[in-house]
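Letter by letter, the chains look like this.
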Amino acid sequence: MRFYTHIAFGLFFSGLLGVPFEFLPLLFVILGSVLPDIDYPFSFIGRLFPRISRQLYNTVGHRSVTHSVYVALALVISGFIFSDNPLLFGLTLGYISHLILDMGTPSGVQLAPPAGYAFTIFEGGVETGSKKEKLLAVIFIAGFILLLFFRGLLYSLIP
Ligand SMILES: [Zn+2]
């Protein structure tokens, strides 16, 4: 998936799960939602940090360690330890949203390297750069905007 779809889904996903609608937590959501692709030199974040990106790509490969449950778990555990930190909360949700979205692509994600099995959410998947992906990005952004206005109402409906 492209970086803008990751950001859109990251904002929607973390908004749904209660990240504070404030500048810094949302900035950390955005950072978390693009960070796993640092293992790919041609990605948005890979271009910002070319040396680290090339190193990771050549040693572990794309959608491997940085897309694993290990990193996600480490973030979740740190989140429990520093439970009142909205920036870590945003980073963690953004990161997890990235892994979920990549599992929606045909090649999936190696959640538990070195086991090479790639996890996918559904058969076929959404191709990176396709019209379907662009449509998804628009839907996620629309969902996030709705949450900005109606999250309180949505939460009040949950017992
Ligand atoms: Zn990725």
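Small disclaimer: the values here were computed from a predicted structure and weren't measured. (Residues numbered from 1 in each chain as written. Predicted model: local features only at pLDDT ≥ 70, side-chain atom pairs only at ≥ 80, totals over all residues. Heavy atoms only, no water.)

Quick notes on the overall build of the chain
Within the chain, the secondary structure is distributed over seven helices and zero strands. Start at the N end of the chain and walk to the C end: the helices and strands fall as α-α-α-α-α-α-α. When its C-alpha atoms are laid out on the principal axes, the chain stretches across 45 × 40 × 30 Å. Relative to its full complement of 159 residues, the chain shows a buried share of 40%. Within the chain, contacts between residues separated by at least 24 positions form 60% of all contacts whose residues are at least 6 apart in sequence. The distance from the centre of the 9 positive side-chain charges to the centre of the 8 negative ones in the chain is 10 Å. (Helix = DSSP H or I, 4+ residues; strand = E, 2+ residues; numbered from the N terminus. Buried < 20%, exposed > 50% of the residue type's maximum accessible area, 1.4 Å probe, protein only. Contact = heavy atoms within 4.5 Å. Lys, Arg positive; Asp, Glu negative; His and termini not counted. Charge placed at Lys NZ, Arg CZ, Asp CG, Glu CD.)

Topic: the side chain of Asp 102
Counting through the fold element by element, Asp 102 comes out in helix α6 (residues 86–102). Relative accessible area serves as the criterion here: at 0%, Asp 102 is assigned to the buried category. Separated by 3.0 Å, the side chains of Asp 102 and His 67 make a polar contact. The residues touching Asp 102, leaving out its near neighbours within four places in the chain, are Met 1, His 6, Asp 37, Arg 63, His 67, Gly 108 and Val 109. (Polar contact = N/O pair within 3.5 Å; in protein donor to acceptor, adjacent residues only side chain to side chain.)

Some thoughts on the layout of surface pockets
In this model, the largest pocket occupies a volume close to 320 Å³. Counting only elements with at least two residues in the lining of the largest pocket, the list comes to α1 (3–16) and α3 (44–48). (1 Å grid on protein atoms, 1.4 Å probe; cavity = no way out; pocket = protein on both sides within 12 Å on 5 of 7 lines; lining within 4 Å. Points joined across faces, edges and corners; volume = space filled by probe spheres on them.)

Brief notes about the coordination of the zinc ion
The zinc ion binds to the protein through Asp 37 (OD), His 67 (NE2), His 98 (NE2) and Asp 102 (OD), with metal-donor distances spanning 2.0 to 2.2 Å. Considering all four donor atoms around the zinc ion, the spread of angles at the metal, 91 to 167°, places the coordination shape in the irregular class. When the donors of the zinc ion are listed by position in the chain, the intervening gaps give D-x29-H-x30-H-x3-D. Of this pair, Asp 37 sits in the loop between α2 (23–34) and α3 while His 67 is found in the loop between α4 (50–59) and α5 (69–81), placing the two residues 30 residues apart along the sequence. Given the relative accessible area of 10%, Asp 37 is considered buried. (Donors = N, O, S within 2.8 Å, 3.2 Å for Na, K, Ca; no water. Tetrahedral: all angles 85-135°; square planar, octahedral: opposite > 155°, others 65-115°.)

Overview of the packing of aromatic side chains
Think of a pair of aromatic rings as described by two things: how far the centres are apart, and how the planes are tilted against each other in angle. Tallied over the full model, the rule gives 10 aromatic pairs. Note on Tyr 117 and Phe 119: the rings are 5.0 Å apart at their centroids and 90° apart in plane angle, and the pair reads as edge-to-face. The structure contains a cluster of three or more aromatic residues connected by ring pairs, namely Phe 9, Phe 12, Phe 13 and Phe 140. One Lys or Arg, Arg 151, reaches over the ring of Phe 21 and ends 3.8 Å from the middle of that ring. (Phe/Tyr/Trp six-rings, centres within 6.5 Å; stacked < 30°, edge-to-face > 60°. Lys NZ or Arg CZ within 6 Å of the ring centre and 35° of its normal.)

Considering the side chain of Ser 53
The topology assignment puts Ser 53 in helix α4. Those residues in contact with Ser 53 that lie beyond four places of it in its chain are Ile 38, Asp 39, Tyr 40, Pro 41 and Gly 46.

Considerations on the packing of α5 against α6
The interhelical angle for the contact between α5 and α6, taken along N-to-C directions, is 155°, at an axis separation of 9 Å. The angle between α5 and α6 falls in the class roughly antiparallel. α5 and α6 meet at a crossing whose hand is left-handed. On α6, the residues that touch Val 71, Ala 72, Leu 75, Val 76, Ser 78 and Gly 79 of α5 are Leu 88, Leu 91, Thr 92, Tyr 95, Ile 96 and Leu 99. Along the lines of polarity and charge, the residues of the contact of α5 with α6 split into nine nonpolar, three polar and no charged. (Axes fitted to C-alpha atoms, helices over the stretch in contact; angles between N-to-C directions. Parallel < 35°, antiparallel > 145°, perpendicular 65-115°, else oblique. Left-handed = near helix turned anticlockwise from the far one by under 90°. Nonpolar A, V, L, I, M, F, W, Y, C, P; charged D, E, K, R; others polar.)

Comments concerning the environment of Ser 156
Checked against the element boundaries, Ser 156 lands in helix α7 (residues 131–157). Of the polar contacts made by the side chain of Ser 156, one reaches the backbone oxygen of Leu 153; its length is 2.6 Å.

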